[in-house]
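# Observations on the model geometry
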Amino acid sequence: MAGTGYFTSVEDVTAKLAGTGYLASAAVATTVFLADALGKPLLIEGPAGVGKTELAKAVAEASGSRLVRLQCYEGVDESRALYEWNHAKQLLRITAGKDETWDEARNDIFGEEFLLARPLLTAIKGDEPTVLLIDETDKADVEIEGLLLEVLGDFQITVPELGTITAGRKPFVVLTSNATRELSEALRRRCLFLHIDFPDAALEQRIVRLKVPGVDDALAASVIKVITALRAMELRKAPSVAETIDWARTLLALGADSLGEDVVRASLGVILKHQEDVVKADARLELGKVLDS
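Chains are numbered independently. Their residues run from 1 in the order of the written sequence. pLDDT decides what is reported in this predicted model: residues at 70 or higher carry local features, side-chain atom pairs at 80 or more are listed and counted, and totals for whole chains, interfaces and linings draw on all residues regardless. By convention in this description, side-chain values take in all heavy atoms of the structure and omit both hydrogens and water.

## Focus: the overall build of the chain
Put simply, DSSP H or I for four residues or longer makes a helix, DSSP E for two residues or longer makes a strand, and each gets a number counted from the N terminus. From N to C terminus, the chain includes 16 helices and nine strands. Counting only C-alpha atoms and orienting by the principal axes, one finds that the chain spans roughly 80 × 40 × 35 Å. Working definition: with a 1.4 Å probe on protein chains only, accessible area under 20% of the residue-type maximum means buried, over 50% means exposed, and in between means partly exposed. Here the chain holds 293 residues, and 46% of them are scored as buried. Pairs at least 24 residues apart make up 75% of the contacts formed inside the chain by residues separated by at least 6 positions. Summing over all exposed atoms, the chain offers an accessible surface of approximately 14,200 Å²; the carbon and sulfur share of this is 52%. Computing the positive centroid from 33 side-chain charges and the negative centroid from 46, the chain places the two 1 Å apart. The contact criterion used throughout is that any non-hydrogen atoms of two residues lie within 4.5 Å. The Shrake-Rupley method, run with a 1.4 Å probe, gives the accessible areas here. Residue values count only the displayed protein chains as cover. When charges are tallied, Lys and Arg are placed among the positive residues and Asp and Glu among the negative ones, while His and the ends of the chain are skipped. Here the site of a charge means NZ on Lys, CZ on Arg, CG on Asp, or CD on Glu.

This is the structure in C-alpha coordinates:
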(Lines give C-alpha, C1' and ligand atoms only; values in the text may rest on other atoms or scores of the structure.)
Protein backbone atom coordinates (compact mmCIF):
# COMPACT_ATOMS: atom_id res chain seq x y z
CA MET A 1 0.00 0.00 0.00
CA ALA A 2 1.43 3.36 -0.99
CA GLY A 3 2.09 6.28 1.32
CA THR A 4 -0.56 8.74 2.37
CA GLY A 5 0.65 11.48 0.04
CA TYR A 6 -0.03 14.41 2.37
CA PHE A 7 3.26 16.20 1.59
CA THR A 8 5.26 16.75 -1.60
CA SER A 9 8.69 17.50 -0.10
CA VAL A 10 10.58 18.19 3.11
CA GLU A 11 10.14 21.92 2.44
CA ASP A 12 6.40 21.36 2.05
CA VAL A 13 6.30 19.66 5.46
CA THR A 14 8.20 22.55 7.06
CA ALA A 15 5.92 25.17 5.51
CA LYS A 16 2.65 23.39 6.27
CA LEU A 17 3.59 22.60 9.86
CA ALA A 18 4.69 26.20 10.37
CA GLY A 19 1.26 27.23 9.11
CA THR A 20 -0.25 25.37 12.08
CA GLY A 21 2.17 27.02 14.52
CA TYR A 22 4.56 24.05 14.77
CA LEU A 23 8.17 25.00 14.00
CA ALA A 24 9.86 21.81 12.84
CA SER A 25 13.60 21.20 12.76
CA ALA A 26 15.15 19.75 9.60
CA ALA A 27 15.30 16.29 11.20
CA VAL A 28 11.63 16.40 12.19
CA ALA A 29 10.46 17.64 8.78
CA THR A 30 12.56 15.05 6.94
CA THR A 31 11.31 12.13 9.02
CA VAL A 32 7.67 13.22 8.72
CA PHE A 33 8.08 13.47 4.94
CA LEU A 34 9.63 9.99 4.73
CA ALA A 35 6.92 8.44 6.94
CA ASP A 36 4.33 10.01 4.65
CA ALA A 37 6.07 9.00 1.40
CA LEU A 38 6.83 5.42 2.48
CA GLY A 39 3.56 4.81 4.31
CA LYS A 40 5.42 3.80 7.46
CA PRO A 41 4.29 4.42 11.04
CA LEU A 42 6.35 7.06 12.83
CA LEU A 43 7.63 6.26 16.33
CA ILE A 44 8.58 9.42 18.24
CA GLU A 45 10.51 9.15 21.49
CA GLY A 46 11.70 11.85 23.84
CA PRO A 47 11.13 13.39 27.26
CA ALA A 48 7.69 14.58 28.25
CA GLY A 49 6.75 18.01 26.99
CA VAL A 50 8.93 18.31 23.89
CA GLY A 51 6.04 18.35 21.40
CA LYS A 52 5.59 14.70 20.38
CA THR A 53 1.81 14.75 20.62
CA GLU A 54 1.68 18.26 19.23
CA LEU A 55 3.52 17.07 16.13
CA ALA A 56 0.81 14.50 15.42
CA LYS A 57 -1.86 17.15 15.88
CA ALA A 58 0.03 19.52 13.59
CA VAL A 59 0.34 16.84 10.87
CA ALA A 60 -3.41 16.27 11.07
CA GLU A 61 -4.16 19.98 10.80
CA ALA A 62 -1.59 20.58 8.06
CA SER A 63 -2.95 17.73 5.93
CA GLY A 64 -6.63 18.43 6.56
CA SER A 65 -7.03 15.03 8.25
CA ARG A 66 -9.14 13.97 11.18
CA LEU A 67 -7.16 13.00 14.27
CA VAL A 68 -8.01 9.65 15.88
CA ARG A 69 -6.25 9.19 19.22
CA LEU A 70 -5.63 6.09 21.29
CA GLN A 71 -4.40 7.21 24.71
CA CYS A 72 -2.43 4.35 26.21
CA TYR A 73 -2.32 3.53 29.90
CA GLU A 74 -1.58 0.52 32.08
CA GLY A 75 -4.38 -1.98 31.57
CA VAL A 76 -5.66 -0.71 28.23
CA ASP A 77 -6.99 -3.77 26.38
CA GLU A 78 -8.42 -4.80 23.02
CA SER A 79 -11.92 -3.63 23.87
CA ARG A 80 -10.60 -0.11 24.50
CA ALA A 81 -8.20 -0.10 21.57
CA LEU A 82 -10.09 -2.06 18.89
CA TYR A 83 -13.81 -2.56 19.42
CA GLU A 84 -16.46 -3.97 21.69
CA TRP A 85 -20.02 -5.08 21.22
CA ASN A 86 -22.89 -2.91 22.42
CA HIS A 87 -24.28 -5.47 24.84
CA ALA A 88 -27.19 -3.31 26.01
CA LYS A 89 -28.37 -2.78 22.43
CA GLN A 90 -27.89 -6.47 21.66
CA LEU A 91 -30.02 -7.42 24.65
CA LEU A 92 -32.78 -5.05 23.56
CA ARG A 93 -32.68 -6.56 20.08
CA ILE A 94 -32.93 -10.10 21.46
CA THR A 95 -35.81 -9.08 23.71
CA ALA A 96 -37.65 -7.41 20.85
CA GLY A 97 -37.33 -10.54 18.71
CA LYS A 98 -38.30 -13.04 21.39
CA ASP A 99 -40.13 -15.25 18.89
CA GLU A 100 -37.00 -15.68 16.77
CA THR A 101 -34.65 -18.62 16.95
CA TRP A 102 -31.15 -18.04 18.33
CA ASP A 103 -29.61 -18.49 14.87
CA GLU A 104 -31.87 -15.76 13.47
CA ALA A 105 -31.06 -13.37 16.32
CA ARG A 106 -27.32 -14.13 16.27
CA ASN A 107 -26.98 -13.21 12.60
CA ASP A 108 -28.48 -9.83 13.39
CA ILE A 109 -26.93 -8.83 16.70
CA PHE A 110 -23.39 -9.43 15.49
CA GLY A 111 -23.75 -6.95 12.65
CA GLU A 112 -21.99 -3.58 12.35
CA GLU A 113 -25.00 -1.80 13.86
CA PHE A 114 -24.07 -3.31 17.23
CA LEU A 115 -20.32 -2.79 16.93
CA LEU A 116 -18.67 0.00 18.93
CA ALA A 117 -15.52 0.97 17.05
CA ARG A 118 -12.63 2.13 19.23
CA PRO A 119 -9.67 4.19 17.93
CA LEU A 120 -7.77 1.50 15.99
CA LEU A 121 -10.84 0.18 14.19
CA THR A 122 -12.14 3.71 13.62
CA ALA A 123 -8.90 4.67 11.87
CA ILE A 124 -8.83 1.47 9.78
CA LYS A 125 -12.47 1.68 8.68
CA GLY A 126 -12.40 5.34 7.70
CA ASP A 127 -12.29 6.41 4.07
CA GLU A 128 -11.24 10.00 4.81
CA PRO A 129 -7.68 11.28 5.45
CA THR A 130 -6.76 10.23 8.97
CA VAL A 131 -3.89 10.64 11.39
CA LEU A 132 -3.88 7.84 13.96
CA LEU A 133 -2.10 8.89 17.16
CA ILE A 134 -1.13 6.08 19.54
CA ASP A 135 -0.07 8.24 22.44
CA GLU A 136 2.31 7.20 25.24
CA THR A 137 2.69 3.68 23.85
CA ASP A 138 5.21 2.82 26.56
CA LYS A 139 2.50 3.12 29.23
CA ALA A 140 0.51 0.21 27.75
CA ASP A 141 1.21 -3.38 28.76
CA VAL A 142 3.60 -5.40 26.63
CA GLU A 143 0.71 -7.58 25.42
CA ILE A 144 -0.88 -4.67 23.55
CA GLU A 145 2.15 -4.54 21.25
CA GLY A 146 1.08 -7.80 19.60
CA LEU A 147 -2.18 -6.14 18.68
CA LEU A 148 -0.35 -3.13 17.27
CA LEU A 149 1.88 -5.39 15.18
CA GLU A 150 -1.13 -6.80 13.32
CA VAL A 151 -2.68 -3.39 12.80
CA LEU A 152 0.53 -1.64 11.74
CA GLY A 153 1.87 -4.56 9.72
CA ASP A 154 -1.09 -5.16 7.42
CA PHE A 155 -3.39 -2.26 8.33
CA GLN A 156 -6.20 -4.69 8.97
CA ILE A 157 -8.23 -5.89 11.92
CA THR A 158 -9.99 -9.22 12.32
CA VAL A 159 -13.41 -9.26 13.98
CA PRO A 160 -14.31 -12.97 14.32
CA GLU A 161 -18.02 -12.39 13.79
CA LEU A 162 -17.53 -10.12 10.76
CA GLY A 163 -14.24 -11.21 9.20
CA THR A 164 -11.17 -9.17 8.34
CA ILE A 165 -11.52 -5.43 7.86
CA THR A 166 -8.74 -3.94 5.72
CA ALA A 167 -7.96 -0.24 5.44
CA GLY A 168 -9.11 1.20 2.14
CA ARG A 169 -7.18 4.37 2.90
CA LYS A 170 -4.08 4.00 5.01
CA PRO A 171 -3.89 6.40 7.98
CA PHE A 172 -0.74 8.34 8.83
CA VAL A 173 0.28 6.65 12.08
CA VAL A 174 2.20 8.31 14.91
CA LEU A 175 3.27 6.44 18.04
CA THR A 176 4.73 8.43 20.92
CA SER A 177 6.82 7.18 23.83
CA ASN A 178 8.46 8.80 26.83
CA ALA A 179 10.78 5.75 27.00
CA THR A 180 9.59 4.70 30.46
CA ARG A 181 9.99 1.13 29.22
CA GLU A 182 11.68 -0.40 26.18
CA LEU A 183 9.37 -1.09 23.26
CA SER A 184 9.82 -4.40 21.43
CA GLU A 185 12.20 -4.70 18.50
CA ALA A 186 9.35 -6.10 16.38
CA LEU A 187 7.31 -2.93 16.91
CA ARG A 188 10.32 -0.71 16.25
CA ARG A 189 11.00 -2.49 12.96
CA ARG A 190 7.55 -1.54 11.71
CA CYS A 191 8.27 2.15 12.21
CA LEU A 192 10.51 5.00 11.23
CA PHE A 193 12.17 6.40 14.34
CA LEU A 194 12.42 10.00 15.45
CA HIS A 195 13.89 11.26 18.71
CA ILE A 196 12.74 14.72 19.77
CA ASP A 197 14.65 16.42 22.55
CA PHE A 198 14.20 19.88 23.98
CA PRO A 199 14.80 22.39 21.18
CA ASP A 200 18.00 24.39 21.02
CA ALA A 201 17.87 27.92 22.39
CA ALA A 202 17.38 29.61 19.02
CA LEU A 203 14.46 27.40 18.02
CA GLU A 204 12.79 27.61 21.41
CA GLN A 205 13.06 31.40 21.31
CA ARG A 206 11.35 31.39 17.91
CA ILE A 207 8.62 29.16 19.35
CA VAL A 208 8.06 31.54 22.25
CA ARG A 209 7.89 34.56 19.93
CA LEU A 210 5.38 32.72 17.72
CA LYS A 211 3.15 31.52 20.55
CA VAL A 212 3.41 34.67 22.70
CA PRO A 213 3.52 37.59 20.26
CA GLY A 214 3.67 40.23 23.01
CA VAL A 215 7.07 39.06 24.27
CA ASP A 216 10.01 40.97 22.81
CA ASP A 217 13.29 39.40 21.77
CA ALA A 218 15.19 40.44 24.89
CA LEU A 219 12.66 38.98 27.33
CA ALA A 220 12.26 35.81 25.23
CA ALA A 221 16.05 35.34 25.22
CA SER A 222 16.17 35.77 29.02
CA VAL A 223 13.36 33.26 29.49
CA ILE A 224 15.18 30.67 27.40
CA LYS A 225 18.44 31.19 29.32
CA VAL A 226 16.70 30.53 32.64
CA ILE A 227 14.80 27.52 31.27
CA THR A 228 18.06 26.07 29.89
CA ALA A 229 19.74 26.54 33.27
CA LEU A 230 16.86 24.81 35.05
CA ARG A 231 16.95 21.84 32.65
CA ALA A 232 20.64 21.38 33.49
CA MET A 233 19.86 20.91 37.19
CA GLU A 234 18.64 17.28 36.97
CA LEU A 235 15.24 18.16 38.33
CA ARG A 236 12.51 15.62 38.97
CA LYS A 237 10.66 17.14 36.02
CA ALA A 238 12.44 19.54 33.71
CA PRO A 239 10.36 22.40 32.27
CA SER A 240 8.67 21.45 29.00
CA VAL A 241 8.29 23.68 25.97
CA ALA A 242 4.64 24.17 26.91
CA GLU A 243 5.74 25.41 30.34
CA THR A 244 8.24 27.78 28.72
CA ILE A 245 5.34 29.28 26.75
CA ASP A 246 3.17 29.44 29.88
CA TRP A 247 5.94 31.27 31.73
CA ALA A 248 6.33 33.83 28.94
CA ARG A 249 2.57 34.45 29.09
CA THR A 250 2.80 34.72 32.88
CA LEU A 251 5.51 37.37 32.65
CA LEU A 252 3.35 39.36 30.25
CA ALA A 253 0.39 39.10 32.61
CA LEU A 254 2.59 40.37 35.44
CA GLY A 255 3.74 43.28 33.31
CA ALA A 256 7.38 42.21 33.55
CA ASP A 257 9.61 43.51 30.76
CA SER A 258 12.74 41.89 32.21
CA LEU A 259 13.65 39.07 34.59
CA GLY A 260 14.52 40.00 38.15
CA GLU A 261 15.06 37.85 41.22
CA ASP A 262 11.66 38.66 42.70
CA VAL A 263 9.57 37.89 39.62
CA VAL A 264 11.49 34.68 38.87
CA ARG A 265 11.19 33.33 42.43
CA ALA A 266 7.50 34.28 42.59
CA SER A 267 6.63 32.51 39.35
CA LEU A 268 8.71 29.31 39.60
CA GLY A 269 5.48 27.36 40.18
CA VAL A 270 4.51 28.01 36.58
CA ILE A 271 7.48 26.06 35.21
CA LEU A 272 8.32 23.64 38.05
CA LYS A 273 5.69 21.20 39.27
CA HIS A 274 7.33 19.61 42.32
CA GLN A 275 8.25 21.33 45.58
CA GLU A 276 11.66 19.63 45.69
CA ASP A 277 12.43 21.14 42.27
CA VAL A 278 11.32 24.59 43.40
CA VAL A 279 13.56 24.33 46.47
CA LYS A 280 16.53 23.15 44.38
CA ALA A 281 16.05 25.92 41.81
CA ASP A 282 15.63 28.54 44.52
CA ALA A 283 18.91 27.46 46.10
CA ARG A 284 21.01 26.93 42.97
CA LEU A 285 19.75 29.35 40.33
CA GLU A 286 22.25 32.19 40.02
CA LEU A 287 20.14 34.52 37.94
CA GLY A 288 22.80 37.15 37.33
CA LYS A 289 25.27 34.64 35.92
CA VAL A 290 22.59 32.93 33.84
CA LEU A 291 21.38 36.16 32.23
CA ASP A 292 24.93 37.37 31.57
CA SER A 293 25.95 34.13 29.87
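Following the structure, the description resumes.
## Quick notes on the pairing of strand β6 (residues 156-159)
Regular strands place their side chains on alternate faces of the sheet. Burial along β6 is one-sided: Ile157 and Val159 are buried, and none of Gln156 and Thr158, which face the opposite way, are. At least two DSSP bridges between two strands are needed for those strands to be called paired. Across four bridges, the pairing between β6 and strand β7 (residues 163-166) is antiparallel. Within the sheet, the bridge partner assigned to Val159 lies in β7 and is Gly163. Linking β6 to β7, which pair antiparallel, is a turn of three residues.

## Some thoughts on the pairing of strand β9 (residues 192-195)
Going residue by residue along β9, you find Leu192 and Leu194 tucked away on one face and Phe193 and His195 left uncovered on the opposite face. Bridge count between strand β1 (residues 42-45) and β9: four bridges; the pairing is parallel. Across the sheet, Ile44 pairs through a bridge with Leu194, a residue of β9.

## With respect to the nonpolar core
Counting 33 residues, the largest nonpolar core has Leu120, Ile134, Ile157 and Leu175 as its most contacted members. Setting aside chain neighbours within four positions, we find Ile157 in contact with Leu82, Leu120, Leu121, Ile124, Glu150, Val151, Gly163, Thr164 and Ile165. Residues Val215, Met233, Ile245 and Ala248 belong to the second largest nonpolar core, which totals 31 residues. Take the buried residues of types Ala, Val, Leu, Ile, Met, Phe, Trp, Tyr and Cys, join any two whose side-chain atoms come within 4.5 Å, and each joined set is a nonpolar core.

## A word on the environment of Gln71
Among the structural elements, Gln71 can be located in strand β2 (residues 66-71). On a C-alpha basis, the gap between Gln71 and Leu17 in space is 23 Å, while along the polypeptide they are 54 residues apart. Discounting chain neighbours no more than four positions away, the residues touching Gln71 are Asp135 and Glu136. Polar side-chain contacts of Gln71 include one of 3.0 Å to the side chain of Arg69. For this analysis, a polar contact is any N or O atom pair within 3.5 Å, provided that within protein one partner can donate a hydrogen and the other can accept it, and provided that sequence-adjacent residues contribute only side-chain to side-chain pairs. A polar atom in the side chain of Gln71 sits 2.6 Å from the side chain of Glu136.

## Here we look at unusual backbone geometry
Residues other than glycine predominantly adopt negative phi, and peptide bonds predominantly adopt the trans conformation. The phi torsion at Ala179 lies on the positive side, around 60 degrees, for a residue other than glycine. Mapping Ala179 onto the fold places it in the loop between β8 (172-177) and α9 (185-189). On the basis of relative accessibility, which here comes to 47%, the residue Ala179 falls in the partly exposed class. Unusually for a residue other than glycine, Glu234 sits at a positive phi of about 55 degrees.

## Looking at the packing of helix α1 (residues 10-19) against helix α2 (residues 26-38)
To obtain an axis, a line is fitted to C-alpha atoms, over the contacting stretch when the element is a helix, and the angle between two such axes runs from 0 to 180 degrees between their N-to-C directions. Two numbers describe how α1 lies on α2: the axes approach to 8 Å, and their chain directions differ by 110 degrees. As judged from the angle between their axes, α1 and α2 are roughly perpendicular. The element α1 and its partner α2 pack so that their crossing is right-handed. Contacts between α1 and α2 involve Val10, Val13 and Thr14 on the former and, on the latter, Ala29, Thr30, Val32 and Phe33. Classes in brief: Ala, Val, Leu, Ile, Met, Phe, Trp, Tyr, Cys and Pro nonpolar; Asp, Glu, Lys and Arg charged; the others, Gly included, polar. Taken together, the residues of the contact of α1 with α2 break down into five nonpolar, two polar and no charged. In these notes the angle categories are as follows: under 35 degrees is roughly parallel, over 145 is roughly antiparallel, 65 to 115 is roughly perpendicular, and the rest is oblique. Left-handed describes a crossing whose near helix is turned anticlockwise from the far helix by less than a right angle; the clockwise case is right-handed.

## Examining the pattern of salt bridges
A side-chain nitrogen of Lys or Arg and a carboxyl oxygen of Asp or Glu constitute a salt bridge if their distance falls within 4 Å. Throughout the structure, instances matching the rule amount to 19 salt bridges. The residue Glu54 makes a salt bridge to Lys57 at a minimum N-O spacing of 3.6 Å. One end of the pair, Glu54, and the other, Lys57, are both in helix α3 (residues 52-63), three residues apart, so they sit about a helical turn from each other. You can call Glu54 partly exposed: its relative accessible area is 44%. Residue classification places Lys57 among the partly exposed residues on the basis of a relative accessible area of 32%. In this structure, Glu261 engages Arg265 in a salt bridge whose closest nitrogen and oxygen atoms are separated by 2.8 Å.

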